[in-house]
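Take a look at the letters that make up each chain.
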Amino acid sequence: MKKKILIGLLVLLVLIQIIRVDKTNPPVDVNNDFITVTKAPVEIAAVLKTACYDCHSNETKYPWYFNVAPISWWAKDHVNDGRKHLNYSIWNTYNKERQNHKLEEMYSEVEEGEMPLSSYTIVHGDAKLTAEQKKALTEWLKTVK
């Protein structure tokens, strides 16, 4: 009985690989991008690209696990949700009030250690922010107008 269940689960795992996620990124206009608009310093831009842009921009780099269902479904849902809440690629299309609100959210999320998500940094160790990176990023975010 256990053998049949295991074989059934294996067959199911193989079959669900047919359902692929869309890994097409929307086009990027650098004139709307957060780093360009805010003239972020090189060090800050590097932190943002490494720790934030995969889920919060149209510049997602899809790693190998985006080819394995059901992990790919879960990860794509996180990217879609991240872009819905904040998309650095369309920063300049946000009105000033929304930009200010997003800056406050970024500041508090980073300061409180809520972002980047631990589920992301487990697989992407380079995205885990050091205390110095958090301090530099939050201090810089306070200066963005």
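You'll find the structure just up there.
To keep things clear, this report deals only with the structure shown in the data block. All residue numbers here refer to positions counted from 1 along the written sequence of the relevant chain. Totals for whole chains, interfaces and linings use all residues, but because this is a predicted model, local features are given only for residues with pLDDT of at least 70 and pairs of side-chain atoms are given and counted only at 80 or more. Water and hydrogen atoms were dropped before computing side-chain values, which therefore reflect all heavy atoms in the structure.

Overview of the overall build of the chain
Let me state the cut-off plainly: Each helix corresponds to a stretch of at least 4 residues labelled H or I by DSSP, and each strand to a stretch of at least 2 residues labelled E; elements are numbered beginning at the N terminus. Atoms counted for the radius of gyration: C-alpha only. Globule rule: 2.2 Å times residue count to the power 0.38. The protein chains shown are the only cover counted for residues, whose accessible areas, like all others here, come from Shrake-Rupley with a 1.4 Å probe. Positive residues here are Lys and Arg, negative ones are Asp and Glu, while His and the chain termini are left out of the count. For this purpose, a charge sits on NZ of Lys, CZ of Arg, CG of Asp or CD of Glu.
Broken down by element type, the chain carries eight helices and zero strands. Reading the chain from its N terminus to its C terminus gives the helix and strand order α-α-α-α-α-α-α-α. For 145 residues, the compact-globule formula gives about 15 Å, and the C-alpha radius of gyration of the chain, at 18 Å, lies well above that figure. A total accessible area of about 9300 Å² is found for the chain, and carbon and sulfur atoms account for 61% of it. Charge separation in the chain, taken as the distance between the mean sites of 19 positive and 18 negative side-chain charges, equals 8 Å.

Focus on a negative patch on the surface
Selection rule: Patches in this entry comprise residues that are over 30% relatively accessible and not in a salt bridge; like charges within 9 Å are linked, as are nonpolar side chains (Val, Leu, Ile, Met, Phe, Trp, Tyr) within 5 Å. The working definition used for a salt bridge is a side-chain nitrogen of Lys or Arg within 4 Å of a carboxyl oxygen of Asp or Glu. Categorising residues by exposure relies on relative accessible area from a 1.4 Å probe, with only protein chains included: less than 20% of the type maximum marks a residue as buried, more than 50% marks it as exposed, and the intermediate range marks it as partly exposed.
On the surface, a cluster of negative charge is made up of Glu109, Glu111, Glu112 and Glu114. Classification of Glu111 as partly exposed rests on a relative accessible area of 46%.

Describing the side chain of Lys102
Keep this limit in mind: In protein, a polar contact requires one atom able to donate a hydrogen and another able to accept it; more generally it is a pair of N or O atoms within 3.5 Å, and residues adjacent in sequence count only if both atoms are side-chain atoms. Contacts are assigned to residue pairs with any non-hydrogen atoms lying within 4.5 Å of each other.
Considering the arrangement of structural elements, one finds Lys102 in helix H6 (residues 96–111). For Lys102, a relative accessible area of 9% gives the class buried. A distance of 2.5 Å separates the side chain of Lys102 from the backbone oxygen of His85, its partner in a polar contact. Those residues within four positions of Lys102 in sequence are excluded, and the remaining contacts are His85, Leu86, Trp91 and Tyr94.

So, the pattern of salt bridges
A full pass over the atoms with the stated rule returns four salt bridges. Linking Lys49 and Glu59 is a salt bridge whose minimum nitrogen-to-oxygen distance equals 2.6 Å. Here Lys49 is found in helix H3 (residues 42–51), whereas its partner Glu59 is found in the loop between helix H4 (53–56) and helix H5 (71–85), with ten residues between them in sequence. Taking the shortest distance from any N to any O, the salt bridge between Asp81 and Lys84 comes out at 3.7 Å. With Asp81 and Lys84 both in helix H5, this residue pair falls three residues apart, about one helical turn.

With respect to the side chain of Asn87
Of note, Asn87 is situated in the loop between H5 and H6. Take Asn87: its relative accessible area is 5%, and that puts it in the buried class. Among the polar contacts listed, one links the side chain of Asn87 to the backbone nitrogen of Ser89, at a separation of 2.9 Å. Discounting chain neighbours no more than four positions away, the residues touching Asn87 are His56, Ser57, Asn58 and Tyr94.

Notes on the state of the cysteines
Short version of the rule: Here, two cysteine sulfur atoms that lie within 2.5 Å of each other are counted as a disulfide.
In the structure shown here, the tally under the stated rule is zero disulfides. Between Cys52, a free cysteine, and Cys55, which holds the nearest cysteine sulfur, the sulfur-to-sulfur gap is 9.2 Å.

Here we look at a nonpolar patch on the surface
A surface patch of nonpolar side chains, amounting to about 590 Å² of accessible area, comprises Ile7, Val11, Leu15, Ile18, Ile19 and Trp73. With three residues, the single largest contributor to the nonpolar patch is helix H1 (residues 2–15). Along the chain, Trp73 falls in helix H5. Taking relative accessible area as the criterion, Trp73 reaches 33% and is therefore assigned partly exposed.

Concerning the packing of aromatic side chains
Here is the rule: For this analysis, a ring pair means two rings from Phe, Tyr or Trp (six-membered ring only for Trp) whose centres lie within 6.5 Å, classed as stacked if their planes differ by under 30 degrees, edge-to-face if by over 60, and tilted for the remaining angles.
Tallied over the full model, the rule gives six aromatic pairs. Residues Phe34 and Tyr88 carry aromatic rings whose centres are separated by 5.0 Å and whose planes lie at 50 degrees to one another, so their mutual orientation is tilted. Of this pair, Phe34 sits in helix H2 (residues 34–38) while Tyr88 sits in the loop between H5 and H6, and the two are 54 residues apart along the sequence. The burial state of Phe34 is the same as that of Tyr88; both residues are buried. Aromatic side chains Trp91 and Tyr94 sit 5.7 Å apart centroid to centroid with 65 degrees between the ring planes, which places their arrangement in the edge-to-face category. What makes Trp91 buried here is its relative accessible area of 2%.

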